[in-house]
Amino acid sequence: MTIGIEHYLVVSLVLFLLGLFIVVTHRNGVRILMGVELILNSANLNFVAFNRYMPDSALSGNVFAIFVIILAAAEAVVALAIVLAVYQQFSTIHMDEISNMKH
Amino acid sequence: MQIQVPEISLWQVLPELIVLATAVGVLASDLFVKSVQRVNVTLTATLGLLIAFFTARSLEASATPIFAGMVVRDSLSILLDQIFLAGAMLVTWIGHEYARRNPRQFPEFTALVLFATIGMMVIAMSADLIPLFVGIELLSLPLFVLAGSDKDRLASGEASLKYFLLGAFSTGFLVYGIAFIFGVTRTTNLTVIGQSLAAHAEATPLLVLGFALLLVGLGFKISLAPFHMWAPDVYQGAPTPATAWIATGSKIAGFVALMRVFTLPDVSFAALSDYWTPGIWWLALITMIIGNAGALMQSDLKRMLAYSSIAHGGYLAMAFTSGTRIGAEATLFYMAAYLLMTVGAFGVAIAASRSGQECEKIADLSGLARQRPWLAFAMSIFMLSLAGMPGTAGFVGKLWLFGAAVQAQYYSLALIGVLTTLLSFYYYLRVIVYMYVHEPDDRLLFNRYSFSNGLALTVCAVGLVGLGVFPNLLWSTIRLCTGAV
């Protein structure tokens, strides 16, 4: 059996759904962030796979993946800074307990 | 292997570079100067933004993409640059006032507003999905931090965390969607995508999935219902000047991204409008209803403005659905009007504080007309313009939005738009009633507001009435833009 593009797409879809599942079911701020990272990486896998299996590849898929990796790193920095700041105020990062706004 | 270095014409992105230099300068001033005066920070930012504004004005528009097809300096991007730069200036001014009570972290605040502005300007000129994505991130990351910048209030941290998690989540959708679009069309260049779609305009499942995910990702950014859940909490919790920039700059930039991807003729998904139009049609409908219904029930001023902002996103999306030139023109005009009235309303919310007490509830505005008549008068203009009273830019803008929907034969959408607009008069007029009719709850006096805030509110109010009476001032420029693209 040869590995084709569809195998990559399935793996990336599974990664995406796992990420989605984590974001929807978990209430811990850091875990939600990990779910988001899974989603971003599933997209990266797609980019690289599409780029590899394209006849006239212009490399823009790979370039896009690099941009996503860099921006995901920047996002993680901001996220952890926010989580730390919130933890100092609330002593928890559980989303359900971080709620003091009246509706 | 030969690597071709694309032509680098830095002077064409000079406005962005000037804003960048100003932001870095403001940030660095905090490191090297012992005690940074608030006035100097605001003056530096204003000066930088003004120079960038006039540089943008003087740029020559050209439809040829630059930087190897990554960005395009067309008249649309030049006009939007000016809108964003003017908006950033207004937000800096109202932030100056806010900082009087929260002096910590002021240089950072201004610098972050400027960084976010660069992101918006990058979105406005992107001709490729890569700069579009980078622009969205450049815009979002500073705003996440801005939302949490008031460390004395618990709500600020909460707002920041919620905004971040939903923002990052939506970025995931966006990127996953772009990956599929790239997979089907083999390019990230919007013009080439448009050509390849126009050549064989069949929507493969992957492609439909791709742009559905893209739409969801951008829908979160511009808080279209049902992706609006974060907006009320974030708007309420974030420091008010940050809220003003989230509500205006980020929302307008999101619509610009939609415009770049979906509607520009000869570019991108215009060829497949049969497929994406129904999606945006439903989103616009739900957004108008949920935004206006939600705003009816709010007693918190910023929360009410949040729902009102959602509703206005719905009106913009309605004109956007039409996909016509008049729709794009109406959207652009309304963006400018929306910027002025929303920044103005938040500016009043900042100015109408009593000693040690922020203006949070709508009831906190009671008696404002007696103590600060000009402030109440300005707020009345903003509220009437948001509601769409004739004589204000809000009315002219809405007229064109509805006109675009009717012209595209979206009668039911236009009807819902008009009905919800009538509904919206209730909650906008309620603010005016509180200011003019109700007695103040306590005898505390309203603070004096600073010159910078007064200037920002004057600019907003005069701009709204000016555009309401002479809409051609902006309309002619907009027509030039859409005629050229």
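Rules used throughout
- Residues numbered from 1 in each chain as written.
- Chains lettered and ligands numbered in written order.
- Predicted model: local features only at pLDDT ≥ 70, side-chain atom pairs only at ≥ 80, totals over all residues.
- Heavy atoms only, no water.
- Helix = DSSP H or I, 4+ residues; strand = E, 2+ residues; numbered from the N terminus.
- Rg over C-alpha atoms; globule rule 2.2 N^0.38 Å.
- Buried < 20%, exposed > 50% of the residue type's maximum accessible area, 1.4 Å probe, protein only.
- Contact = heavy atoms within 4.5 Å.
- Areas by Shrake-Rupley, 256 points an atom, 1.4 Å probe, with all protein chains shown as cover.
- Axes fitted to C-alpha atoms, helices over the stretch in contact; angles between N-to-C directions.
- Parallel < 35°, antiparallel > 145°, perpendicular 65-115°, else oblique.
- Left-handed = near helix turned anticlockwise from the far one by under 90°.
- 1 Å grid on protein atoms, 1.4 Å probe; cavity = no way out; pocket = protein on both sides within 12 Å on 5 of 7 lines; lining within 4 Å.
- Points joined across faces, edges and corners; volume = space filled by probe spheres on them.
- Nonpolar A, V, L, I, M, F, W, Y, C, P; charged D, E, K, R; others polar.
- Buried area = accessible area lost by both parts, 1.4 Å probe.
- Salt bridge = Lys/Arg side-chain N within 4 Å of Asp/Glu carboxyl O.
- Polar contact = N/O pair within 3.5 Å; in protein donor to acceptor, adjacent residues only side chain to side chain.
- Expected span 1.5 Å × (residues − 1).
- Core = buried A, V, L, I, M, F, W, Y, C linked by side-chain atoms within 4.5 Å.

**Student:** I keep staring at the overall build of chain A and nothing clicks. Help me out?
**Tutor:** Tallying secondary structure elements over chain A gives three helices and zero strands in all. Its helices and strands in sequence order give chain A the pattern α-α-α, from N to C terminus. Relative to its length of 103 residues, chain A is extended, with a C-alpha radius of gyration of 18 Å against a globular reference of 13 Å. C-alpha atoms of chain A, sized along the principal axes, occupy 55 × 25 × 25 Å. With 103 residues in all, chain A has 40% of them scored as buried. Excluding contacts between residues fewer than 6 apart, the proportion of contacts in chain A whose partners are at least 24 apart in sequence is 50%. On chain A, roughly 5600 Å² of surface is accessible, and the fraction owed to carbon and sulfur atoms is 69%.

**Student:** Can you walk me through the packing of helix α10 (residues 240–263) of chain B against helix α12 (residues 301–322) of chain B in this structure?
**Tutor:** Residues and elements named next belong to chain B. Relative orientation of the contacting elements α10 and α12 amounts to 15°, with a least axis distance of 12 Å. Our classification of the angle between α10 and α12 gives roughly parallel. Here the hand of the crossing between α10 and α12 comes out right-handed. Note on element contacts: α12 touches α10 through Lys 302, Ser 309, Ile 310, Gly 313, Leu 316, Ala 317 and Phe 320, opposite Thr 240, Thr 243, Ala 247, Lys 251, Phe 255, Leu 258, Met 259, Phe 262 and Thr 263.

**Student:** Is there a simple way to explain the environment of Val 72 of chain B in this structure?
**Tutor:** All names here are of chain B. Among the structural elements, Val 72 can be located in strand β2 (residues 71–72). On the basis of relative accessible area, Val 72 is assigned to the buried category, the value being 6%. Separated by 82 residues in the primary sequence, Val 72 and Leu 154 have C-alpha atoms spaced 42 Å apart. Not counting residues within four places of it along the chain, the set of residues in contact with Val 72 comprises Ser 62, Ala 63, Thr 64, Pro 65, Ser 77, Met 125, Ser 126, Ala 127 and Arg 260.

**Student:** What is the right way to look at empty space enclosed by the protein in this model?
**Tutor:** Here the idea is plain: a probe the size of a water molecule rolls over the atoms and shows the empty space left. All names here are of chain B. On inspection of all chains with the given rule, the structure shows three cavities of 30 Å³ or more. Approximately 60 Å³ is the volume found for the largest cavity. Taken together, Ser 140, Phe 144, Tyr 163, Leu 166, Gly 167, Ser 170, Phe 220, Lys 221 and Trp 230 make up the lining of the largest cavity. For the lining of the largest cavity, the secondary structure elements donating two or more residues are α5 (129–147), α6 (154–185) and α8 (205–221). The greatest single-element share of the lining of the largest cavity, amounting to four residues, is contributed by α6. Class assignment for the residues of the lining of the largest cavity results in five nonpolar, three polar and one charged.

**Student:** Sorry if this is basic, but what is going on with the interface of chain A and chain B here?
**Tutor:** Size of an interface: often given as the accessible area lost when the parts come together. Contact residues are listed per partner, giving 45 residues for chain A and 40 residues for chain B. With both sides pooled, the region where chain A packs onto chain B buries about 3900 Å², and carbon together with sulfur makes up 78% of that total. Broken down residue by residue, the surface that chain A buries against chain B is led by Phe 64, Glu 75 and Met 101 of chain A, which jointly contribute 17%. At the boundary of chain A and chain B, one finds zero salt bridges. For the pair chain A and chain B, the number of links is two residue pairs in polar contact (both at pLDDT 80 or more). With 17 residues, helix α3 (residues 60–90) of chain A is the single largest residue contributor to the side of chain A that touches chain B. The residue inventory of the side of chain A that touches chain B, partitioned by class, reads 31 nonpolar, eleven polar and three charged.

**Student:** Where do I start with the layout of surface pockets in this structure?
**Tutor:** Residue and element names in this part refer to chain B. Looking at the largest pocket, its volume works out to about 660 Å³. Along the walls of the largest pocket sit 21 residues, with Phe 53, Gln 82, Ile 83, Ala 86 and Leu 474 positioned nearest its centre. Broken down by element, the residue count for the lining of the largest pocket peaks at seven residues, all from helix α3 (residues 75–101). Of the residues contributing to the lining of the largest pocket, the split by class is 16 nonpolar, four polar and one charged. The computed volume of the second largest pocket comes to approximately 520 Å³.

**Student:** I'm lost on helix α16 (residues 393–407) of chain B in this one. Help?
**Tutor:** Each turn of an α-helix holds 3.6 residues, which means side chains three or four residues apart point in the same direction. All names here are of chain B. Between its first and last C-alpha atoms α16 spans 21 Å; for 15 residues at 1.5 Å apiece the expected length is 21 Å, and the two agree. Looking only at α16, the buried set comprises Ala 393, Gly 394, Val 396, Gly 397, Lys 398, Leu 401, Phe 402, Ala 404 and Ala 405. Elements that come into contact with the buried residues of α16 comprise α12, α13 (325–351), α15 (373–387), α17 (411–436) and α18 (451–469). Following α16 by one or two positions, Gln 409 has its phi on the positive side, about 65°.

**Student:** Help me understand unusual backbone geometry, please; the structure alone is not making it clear to me.
**Tutor:** The phi angle of most residues is negative, glycine excepted, and most peptide bonds adopt the trans form. Residues and elements named next belong to chain B. Residue Pro 226 is reached from Ala 225 by a cis peptide bond, and omega for that bond is 5°. Within the secondary structure, Pro 226 sits in the loop between α8 and α9 (230–237). The phi dihedral of Phe 67 is positive, around 55°, even though this residue is not glycine. Phi is positive for Arg 186, which is not a glycine, with a value near 65°. Examined against the element boundaries, Arg 186 turns out to sit in the loop between α6 and α7 (190–199).

**Student:** In this structure, what is going on with the nonpolar core? I would like to understand it.
**Tutor:** One recurring pattern in soluble globular proteins is that nonpolar side chains are buried together. All names here are of chain B. Formed by 206 residues in total, the largest nonpolar core has its most connected members in Met 379, Phe 382 and Met 383. It is α13 that contributes the most residues to this core, 19 residues altogether. Residues within four places of Met 383 in sequence aside, it is in contact with Met 304, Leu 305, Ala 345, Tyr 428, Val 431 and Ile 432.

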